[in-house]
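The residues making up each chain are set out below.
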Amino acid sequence: MAANQSWTLVFARLFENGVSTFITGGPGVGKSIFLRCFTSFLRSRLPQPGSVVVAAPTGSAAKTAKGVTFHSFCGFPKNYKMQGDDPAHEAAHLLGQDRWKPIARRLAKVEVLLLDEISMVAADKLDVINKLLRQSRRQGSPPFLVYTFGDFLQLKPTIGALAFTARCWRPLFGDGMLELTRVHRQEQPDFVQAIRDARLGRCTEFVQKHMDECFVDDEAYEALGCTVLHLMPRHNDVIAHNAKCLLRLCLGDRPQDFVAVDSVKADPNRDRSLRDPDVHNVSPFSRDAAFLDCIAPLRVQHCCGARVMLVCNNLLAIGLFHGSIGNVRDYDCDGSPVVRFENHQVVAGTRVGTHGVRDAGVDWIEVACTPVDFEACFFSCPGALAVRRLTLTEAVLDVGEAFGAGMVLAAMSRVPEKRRMHVRSFSGSRLLADPEAVRFYRMSIRW
Ligand SMILES: Nc1ncnc2c1ncn2[C@@H]1O[C@H](COP(=O)(O)OP(=O)(O)OP(=O)(O)O)[C@@H](O)[C@H]1O
């Protein structure tokens, strides 16, 4: 696409318009590719360091977009919640703190912010980001531009309202919206139509026919059960099936338990104007209480051959992040599992011996991890969150219990070919679209 002249013209027009724009479209229309190519174009026009920033709501989305999380870019601490309901006050309060001084300098340089996965950014956060950018600007600086990318009919933020309800949405974007309509991930016309209908929460004859054609009975499922990645909505079902697959992989022996050893360290984002905490004096009770809402499990089981998903961001320096999927190849003599990550773009400067790297090839890397850096992952995370933005070669859909808007759509749109999609369960009544998002698109695009 970068070599395609017509795209360069689209980018030039979009940029020269000088209007903040929302770039949208259903699954597989090329939003991520557009974002990547548009970023290169913008960086060629605005070469000053820090002037073009790509941000996303999650680590995996940020990695896919080759950007940073908006939390780290804006300096939001972990589990950040707004103190009041006025975003201007909130931004002024944050920027008034000592620790925000370097962050404000970084924000002041931004001429263009590209924000990916906007459907997962809560409206109040978008309002604060907008005010932080505005209030950090030096007098006389040209106004900044924001390009948001995403599809409000896919997954929503876990907490908070959809971003188009933000106070800043209309002032920023007005009618600035670009809809990509040609689906590239799938080519089969009936599959494309089924995804289009599913996006609107309609269980049409295309959707039902597609699901019926891809349905796998018990006999066919035997061969897929523990080999093909499953997409399913409920965490308990994910855990139960992972346990079943592990047991099978261990030939019926109980897989080994690995228990997390928790430790305490000072928050790198703490307020530096306060006295440094004494990390050696934190009681085990306070430490355990702090871990109560931690999503990483205390005890994990795995064995050689197990497919695992990283649940930490300790390995960002070598390009691995929360959500990276690999296979346990072996165990070191000290019990550290060596995990191989395929289709991995090796980060420049990666050296064998640093960050636990054991070996690497053109598109793979083997890393000795700590035993609890990951969890077994024969199945995806609930709500298909872990596979957002990915194209999967093959998947089993077990979505009969889907409960949220966009869940079935997120699962059924990942696989390019019908024959690679295997439906274990599906219920038309669970095919949900967010009514507010449907209304938003109806009014914006006049479908
Ligand atoms: N202009 C294009 N020409 C050919 N193939 C494309 C084009 N744009 C995207 N693709 C291919 O289509 C697939 C989906 O693209 P992409 O991930 O960018 O879509 P998306 O809109 O971000 O999807 P989703 O919302 O589901 O994450 C990828 O395999 C990509 O290589």
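Residues numbered from 1 in each chain as written. Predicted model: local features only at pLDDT ≥ 70, side-chain atom pairs only at ≥ 80, totals over all residues. Heavy atoms only, no water.

Identification of the protein chain as ATP-dependent DNA helicase from Porphyra umbilicalis is taken from an unreviewed UniProt entry. Word for word, the UniProt comment on the protein chain under Cofactor (unreviewed entry) is "Mg(2+)". One UniProt comment on the protein chain, placed under Sequence similarities (unreviewed entry), says "Belongs to the helicase family." (UniProt positions renumbered as here; feature names shortened; annotations may be inferred.)

(A) Region of interest: the pairing of strand E17 (residues 421–425). The element E17 is largely enclosed, with a buried count of four among its five residues. Between the parallel elements strand E16 (residues 395–398) and E17, the chain passes through helix H14 (residues 407–412) in a crossover that is right-handed. (Buried < 20%, exposed > 50% of the residue type's maximum accessible area, 1.4 Å probe, protein only. Helix = DSSP H or I, 4+ residues; strand = E, 2+ residues; numbered from the N terminus. Right-handed = clockwise from strand over helix to strand, strands pointing away.)

(B) The arrangement of the domain arrangement of the protein chain in detail. With domains assigned, the protein chain is organised as domain 1 (7–179), domain 2 (189–228 + 394–443) and domain 3 (237–271 + 281–368). Computed over C-alpha atoms only, the centres of domain 1 and domain 2 are separated by 31 Å. Roughly 1300 Å² is buried in total at the junction of domain 1 and domain 2, and carbon and sulfur atoms are behind 69% of that figure. Three residues, Pro-27, Leu-153 and Phe-164, lead the burial of domain 1 against domain 2; their summed loss comes to 46% of the area buried on that side. Linking domain 1 with domain 2 are two salt bridges. Measuring nitrogen to oxygen at the nearest pair gives 2.7 Å for the salt bridge that ties Asp-434 to Lys-156. Applying the counting criterion to the domain 1 and domain 2 interface returns five residue pairs in polar contact (both at pLDDT 80 or more). Of the residues that constitute the side of domain 1 that touches domain 2, the class distribution is nine nonpolar, six polar and two charged. (Domains from an automatic or database assignment. Buried area = accessible area lost by both parts, 1.4 Å probe. Salt bridge = Lys/Arg side-chain N within 4 Å of Asp/Glu carboxyl O. Polar contact = N/O pair within 3.5 Å; in protein donor to acceptor, adjacent residues only side chain to side chain. Nonpolar A, V, L, I, M, F, W, Y, C, P; charged D, E, K, R; others polar.)

(C) The nonpolar core, seen in detail. Judged by nonpolar contacts, the single largest core of 44 residues is most densely connected at Phe-76, Ile-118, Leu-126, Leu-132, Phe-152 and Trp-169. The set of elements that each furnish at least two residues to this core consists of strand E2 (52–56), helix H4 (70–74), helix H5 (87–95), helix H6 (101–108), strand E4 (112–115), helix H7 (123–136), helix H8 (169–173) and helix H15 (435–445). Two domains each donate at least three residues to this core, and these are domain 1 (7–179) and domain 2 (189–228 + 394–443). Setting aside anything within four residues of it in sequence, one finds Leu-126 in contact with Leu-115, Ile-118, Val-121, Ala-163, Ala-166, Cys-168 and Trp-169. Judged by nonpolar contacts, the second largest core, of 27 residues, contains Val-207, Val-399, Val-415 and Met-421. (Core = buried A, V, L, I, M, F, W, Y, C linked by side-chain atoms within 4.5 Å. Contact = heavy atoms within 4.5 Å.)

(D) Representation of the confidence of the model for the protein chain within the structure. Averaged over every residue, the pLDDT of the protein chain is 87; the share at 70 or more is 92%. With pTM at 0.82, the complex prediction returns an ipTM value of 0.96. (pLDDT = per-residue confidence, 0-100.)

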